Amino acid sequence: AQSVTQPDIHITVSEGASLELRCNYSYGATPYLFWYVQSPGQGLQLLLKYFSGDTLVQGIKGFEAEFKRSQSSFNLRKPSVHWSDAAEYFCAVGQGSGNTGKLIFGQGTTLQVKP
Amino acid sequence: DAGITQSPRHKVTETGTPVTLRCHQTENHRYMYWYRQDPGHGLRLIHYSYGVKDTDKGEVSDGYSVSRSKTEDFLLTLESATSSQTSVYFCAISERAVPRDTQYFGPGTRLTVL
């Protein structure tokens, strides 16, 4: 069965430092991969997605992610973190076709930003 | 932002009572989804709909039912609420089926079952 693992439940970085959030997936075919962000008390917002093509994907708010098939990973990166990036981040893999497509979410990583 | 509203936004209820959560969209999207969010589990799909009166189960559908009589509304019902259904519930919509299309999420409903 398809699954998504985010190994880090909680990460703390200093403002201005670089960030990498890890995501590993289990999926037999070429995956559809997503990163969402959830600010406190809010719904989820799409940061970026990978369907095919260039393995380095650019998203909103200065985020990027790289798809590495050999490592079954889709890690999220940002070169310089801002205090407003403090939130919970979810990686998801899409599966299915026709009317039965679904997203499988990882457990989430909470990012804390130190001043 | 996609036009998705959820009501109520907060609800406290007692074990054994019925509860209905409403998701309303103004985007005329065909697909609608209900998820629950619990610490350590991320989001898990409860039910989804691929058209008016067309619904199907997700991975955690036990104890939940849904209805969709209009394109814009997707109702989630807990027939007899239990404490294990205390959670934050999110509605999502997409124009076409995932995974090819993007899901847009509502603001969530926090449900507490005492």
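Model, not experiment: these values are computed from the prediction.

1. So, the sheet that holds strand β7 (residues 64-70) of chain B
All names here are of chain B. If you trace the four strands from one edge of the open sheet to the other, you get β1-β3-β8-β7, paired in antiparallel fashion. Edge positions in the sheet fall to β1 (4-7) and β7, since each has one partner strand and no second. On average, each strand axis in the sheet is tilted by 20° relative to the strand beside it, whichever way the strands run.

2. Looking at the packing of aromatic side chains
One pass over the full model with this rule turns up 18 aromatic pairs over all chains. Ring pairing ties together the aromatic residues Y32(A), F34(A), Y36(A), F51(A), F90(A), F105(A), Y33(B), Y35(B), Y48(B), Y50(B) and F105(B), which thus form one cluster.

3. As for the pairing of strand β8 (residues 73-78) of chain B
Every regular strand shows the same layout, with side chains that alternate between the two sheet faces. Residues and elements named next belong to chain B. Burial of β8 is extensive: five of the six residues sit out of reach of the surface. Relative to β8, strand β3 (residues 19-25) runs antiparallel, the two being bridged by six bridges. Its bridge partner lying in β8, T20 is registered against T77. Note: β7 against β8, five bridges, orientation antiparallel.

4. Observations regarding the environment of T86(B)
Residues and elements named next belong to chain B. Following the sequence through the fold, T86 ends up in the loop between β8 and β9 (87-94). The partly exposed category is assigned to T86, whose relative accessible area is 31%. Sequence separation between T86 and P18 is 68 residues; the distance between their C-alpha atoms is 13 Å. In this structure the side chain of T86 is engaged in a polar contact, spanning 2.8 Å, whose partner is the backbone nitrogen of V113.

5. Quick word on the side chain of D85(A)
Residue and element names in this part refer to chain A. Relative to the assigned elements, D85 resides in the loop between β9 (73-78) and β10 (87-95). Residue class for D85 comes out buried when judged on its relative accessible area of 4%. Apart from the residues lying within four places of it in its own chain, the contact partners of D85 are F63, K78, L111 and V113.

6. A word on the pairing of strand β11 (residues 109-113) of chain B
Residue and element names in this part refer to chain B. Alternating positions in β11 separate cleanly, T109, L111 and V113 being buried on one face and R110 and T112 remaining unburied on the opposite face. As paired elements, strand β2 (residues 10-13) and β11 share four bridges and run parallel to each other. Bridging from a neighbouring strand, K11 pairs with L111 of β11. Sheet analysis places β9 next to β11, joined by three bridges and oriented antiparallel. Note on β11: the bridge partner recorded for Y89 is T109.

7. Structural notes on the state of the cysteines
All names here are of chain B. Using the criterion set out here, one finds two disulfides over all chains in the structure. One disulfide bridge connects C23 with C91, the sulfur atoms lying 1.9 Å from each other. Here the S-S torsion is close to -70°, and the disulfide linking C23 with C91 is therefore left-handed. With a gap of 68 residues between them, C23 in strand β3 and C91 in strand β9 connect regions that are remote in the sequence. Residue classification places C23 among the buried residues on the basis of a relative accessible area of 0%. Among the residues examined, C91 registers a relative accessible area of 0% and is labelled buried.

8. Examining the interface of chain A and chain B
The partner chain B presents 25 residues to the 25 residues of chain A that form the contact. Inspection of the region where chain A meets chain B yields zero salt bridges. Between the two partners, chain A and chain B, sit three residue pairs in polar contact (both at pLDDT 80 or more). Elements with a contribution of two residues or more to the side of chain A that touches chain B: β5 (32-38), β6 (44-50), β10 and β11 (102-105) of chain A. A per-class count over the side of chain A that touches chain B returns nine nonpolar, 13 polar and three charged.

9. Examining the pattern of salt bridges
All names here are of chain A. A complete count under the given rule lists 10 salt bridges over all chains for this structure. Across the pair R22 and D8 runs a salt bridge whose closest N-O atoms are separated by 2.9 Å. With R22 in the loop between β3 (19-21) and β4 (24-26) and D8 in the loop between β1 (3-5) and β2 (10-14), this pair connects stretches of sequence that are 14 residues apart. K78 is paired through a salt bridge with D85; the nearest N and O atoms lie 2.8 Å apart. Given a relative accessible area of 11%, K78 falls into the buried group. Here the residues in one salt-bridge network are E64, E66 and R77, joined through shared partners.

Calculation criteria
For every chain, the first residue of the written sequence is number 1, and numbering continues from 1 onward in sequence order. The order in which chains are written sets their letters, starting at A; the order in which ligands are written sets their numbers, starting at 1. Where local features are concerned, this predicted model is filtered to residues with pLDDT of at least 70; where side-chain atom pairs are given and counted, the filter is 80 or more; whole-chain, interface and lining totals use all residues. Side-chain calculation: all heavy atoms of the structure are included, whereas hydrogens and water are not. Note on pairing: two strands pair once DSSP finds at least 2 bridges between them. Each helix corresponds to a stretch of at least 4 residues labelled H or I by DSSP, and each strand to a stretch of at least 2 residues labelled E; elements are numbered beginning at the N terminus. In this analysis, axes come from line fits to C-alpha atoms, helices being fitted only over the stretch in contact, and the angle between any two N-to-C directions falls in the range 0 to 180 degrees. Only centres within 6.5 Å qualify two rings of Phe, Tyr or Trp (six-membered ring in Trp) as a pair; their planes then separate them into stacked at under 30 degrees, edge-to-face at over 60, and tilted for everything else. Any residue under 20% of the maximum accessible area for its type is buried, any over 50% is exposed, and the rest in between are partly exposed; the area is computed with a 1.4 Å probe on protein chains only. Two N or O atoms count as a polar contact when they lie within 3.5 Å, although within protein this holds only if one can serve as hydrogen donor and the other as acceptor, and sequence-adjacent residues are included solely when both atoms are side-chain atoms. The criterion used for residue contact is that any of the two residues' heavy atoms lie within 4.5 Å. Any cysteine sulfur atom paired with another within 2.5 Å is treated as part of a disulfide. Throughout this description, the term salt bridge denotes a Lys or Arg side-chain nitrogen within 4 Å of a carboxyl oxygen of Asp or Glu. The classification used treats Ala, Val, Leu, Ile, Met, Phe, Trp, Tyr, Cys and Pro as nonpolar, Asp, Glu, Lys and Arg as charged, and all other residues, Gly among them, as polar.

So yeah, pure geometry; function would need other evidence.
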